[in-house]
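Residue-level structure breakdown
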Amino acid sequence: ETWKYAFEEALTDVQGVYAQKFKEEIEANSDHEIQLFPFGTLGESADIMEQAQAGILQFVDQSPGFTGALIPEAQVFFVPYLLPAESEQLGDFFRNSKAINEMFPELYAAQGLELLTMFPEGEVVMNTKEAVAGPADLNEVKFRVMTNPLLVESYKAFGATPTPLPWGEVYGGLQTNIIQGQENPMFWVESTKMYEVTDHITFAGHNNFTTAVMANKEFYDGLSDEDRKVIDDAAKVAFEHILEYQNGLTEKSVAKIKEAKPEMNIVELTEEQRAPFKAAAAEVEAKFIEMTGDSGQKILDQMKQDLEAATQ
Ligand code: 6CS
């Protein structure tokens, strides 16, 4: 049988490298084949999610940045400065977190999705037309965010004018000055040539990009125990592979951007400069609880417990 798997990036980007490893494992350990659909082949993120829920696709990779309307609790990944910056701690957190491995699967299941894994894609940077040293520099800046209500609140708290857009509209939006900024991990800023339409990259340490891979639940539940195990094992192998693949990836991407555009201004904010952004986190966390109630509070509490365990 051929199974279809769509994701939000190109084959050579992080989600694509994960998908290729997953495919390799499935095909090596079963009679099934995986057909991969990178970004642009089946529509935007929202489209591939609909197709996965409808069972037209068996697998989909959708970042929580686009899952906010479907699963409000998934917005927890946009509380600023919540995830650890250190990659080993981050890996341990995703590997062992009860919130991720036990609580989120139930929330995804309620939407007809079997959550297979969540993994980090790299530190998120602010990528803008003008320099950013603090919230005052974001005043009047139309800042593109993924279509996620909490991310909107986050950039409001950071002092910007958040503008939620699907990915396909970002390059053109920057080019025509409809937006003046966006945020993403460095590999993505580099591979999608964001440096052609912006001049500044700012490391504020406010987040790491998280994504989620899932299967259509009816499809998954209908498989043999053996096939389900092949899938679960492939997801685990690909998880370890993608963490290893990302070692040094940010630095490599910085070097490539500097080569392509030497005048690109790449800045790391000092602790002092980060302080006002960090101060905004409490407000965003309160908004998260306002949006998600008891269920969100439980996830947030568990995540904090899991984070403490991972960073000890
Ligand atoms: O910002 C976005 O919309 C995109 N960013 C990444 C790193 N992956 C896919 C997503 O669509």
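Notes on the structure in this doc start here. (Residues numbered from 1 in each chain as written. Predicted model: local features only at pLDDT ≥ 70, side-chain atom pairs only at ≥ 80, totals over all residues. Heavy atoms only, no water.)

**Some points on the site of the ligand**
- Around the ligand, the surrounding shell consists of Glu 8, Glu 9, Phe 66, Arg 144, Met 146, Trp 167, Asn 184, Pro 185, Trp 188 and Phe 209.
- Trp 188 has a polar side-chain atom sitting 3.5 Å from a nitrogen atom of the ligand.
- Under a 2 Å grid-point criterion requiring more than half of the atoms, the pocket assigned to the ligand is the largest cavity.
- Taken together, the residues that form the shell around the ligand break down as 6 nonpolar, 1 polar and 3 charged. (Near = heavy atom within 4 Å. Polar contact = N/O pair within 3.5 Å; in protein donor to acceptor, adjacent residues only side chain to side chain. 1 Å grid on protein atoms, 1.4 Å probe; cavity = no way out; pocket = protein on both sides within 12 Å on 5 of 7 lines; lining within 4 Å. Sits in = over half its atoms within 2 Å of the grid points. Nonpolar A, V, L, I, M, F, W, Y, C, P; charged D, E, K, R; others polar.)

**With respect to helix α12 (residues 281-311)**
- The end-to-end C-alpha separation of α12 is 19 Å, well short of the 45 Å expected for 31 residues at 1.5 Å each.
- Largest kink in α12: about 130°, centred on Gly 293.
- Among the residues of α12, Ala 281, Val 284, Phe 288, Thr 292, Gly 296, Ile 299, Leu 300, Gln 302, Met 303, Asp 306, Leu 307 and Ala 310 are the ones counted as buried.
- Considering only its buried residues, α12 is in contact with α3 (87-96), α4 (98-109), α5 (149-157) and α11 (271-279). (Helix = DSSP H or I, 4+ residues; strand = E, 2+ residues; numbered from the N terminus. Expected span 1.5 Å × (residues − 1). Bend = angle between axes of the 7 residues up to and from the residue. Buried < 20%, exposed > 50% of the residue type's maximum accessible area, 1.4 Å probe, protein only. Contact = heavy atoms within 4.5 Å.)

**As for the pattern of salt bridges**
- Within this structure, the stated rule accounts for 13 salt bridges.
- With a shortest N-O distance of 3.8 Å, Lys 217 and Glu 114 are connected by a salt bridge. Of this pair, Lys 217 sits in helix α8 (residues 217-221) while Glu 114 sits in strand β4 (residues 113-128); the two residues are 103 residues apart in sequence, bridging distant segments of the chain.
- Residue Lys 217 is classed as partly exposed on the basis of its relative accessible area, which comes to 22%.
- By relative accessible area, which is 18% here, Glu 114 ends up buried.
- Between Asp 233 and Lys 229 there is a salt bridge, with its nearest N and O atoms 2.7 Å apart. Note that Asp 233 and Lys 229 are positioned in helix α9 (residues 225-245) at a spacing of 4 residues, about one turn of the helix.
- Here the salt bridges do not stand alone but share partners, grouping Asp 92, Arg 95 and Glu 240 into one network. (Salt bridge = Lys/Arg side-chain N within 4 Å of Asp/Glu carboxyl O.)

**Here's the deal with the layout of surface pockets**
- By volume, the largest pocket is sized at about 850 Å³.
- Secondary structure elements with two or more residues in the lining of the largest pocket: α3, β4, α9, α10 (249-260) and α11.
- Take the lining of the largest pocket: its biggest share by element is 5 residues, from α3.
- Here the lining of the largest pocket is built from residues that sort into 11 nonpolar, 11 polar and 12 charged. (Points joined across faces, edges and corners; volume = space filled by probe spheres on them.)

**Quick notes on the packing of helix α1 (residues 14-29) against α9**
- Close contact between α1 and α9 brings their axes to 8 Å; oriented N to C, the two are set at 140°. One finds that α1 runs oblique with respect to α9. The element α1 and its partner α9 pack so that their crossing is right-handed. Residues Val 14, Val 17, Tyr 18, Lys 21, Phe 22, Glu 25, Ile 26 and Asn 29 of α1 form the contact with α9, whose own contacting residues are Val 230, Ile 231, Ala 234, Ala 235, Val 237, Ala 238, Phe 239, His 241, Ile 242 and Tyr 245.
- Taken together, the residues that form the contact of α1 with α9 break down as 14 nonpolar, 2 polar and 2 charged. (Axes fitted to C-alpha atoms, helices over the stretch in contact; angles between N-to-C directions. Parallel < 35°, antiparallel > 145°, perpendicular 65-115°, else oblique. Left-handed = near helix turned anticlockwise from the far one by under 90°.)

**With respect to the packing of α4 against α12**
- One way to put it is that α4 packs onto α12 with a least axis distance of 9 Å and a crossing angle of 160°. Judged by the inter-axis angle, α4 sits roughly antiparallel to α12. Considering how the two elements wind past one another, α4 and α12 form a crossing that is left-handed. Touching Lys 98, Ala 99, Met 103, Phe 104 and Leu 107 of α4 are Ser 295, Lys 298, Ile 299, Gln 302, Met 303 and Asp 306, all from α12.
- Class assignment for the residues of the contact of α4 with α12 results in 6 nonpolar, 2 polar and 3 charged.

**Focus on the packing of aromatic side chains**
- Summed over the entire model, instances satisfying the criterion amount to 17 aromatic pairs.
- For the ring pair Tyr 18 and Phe 22, a centre distance of 6.5 Å and an interplane angle of 15° mean the geometry is stacked. Here Phe 22 and Tyr 18 lie together in helix α1, a separation of 4 residues that amounts to about one turn. For the pair Tyr 18 and Phe 22, a shared accessibility class is recorded, and that class is buried.
- Geometrically, the ring pair formed by Phe 158 and Phe 277 is edge-to-face, given 5.0 Å between the ring centres and 80° between the ring planes. Placement of Phe 158 in the loop between α5 and β6 (161-164) and of Phe 277 in helix α11 is noted, with a sequence separation of 119 residues between them.
- Residue Phe 277 is classed as buried on the basis of its relative accessible area of 1%.
- Taken together, the ring pairs connect Trp 3, Tyr 5, Phe 7, Tyr 18, Phe 22, Phe 59, Phe 119 and Phe 219 into an aromatic cluster.
- A cation over an aromatic ring shows up here: Arg 228 above the ring of Tyr 220, its NZ or CZ 5.9 Å from the ring centre. (Phe/Tyr/Trp six-rings, centres within 6.5 Å; stacked < 30°, edge-to-face > 60°. Lys NZ or Arg CZ within 6 Å of the ring centre and 35° of its normal.)

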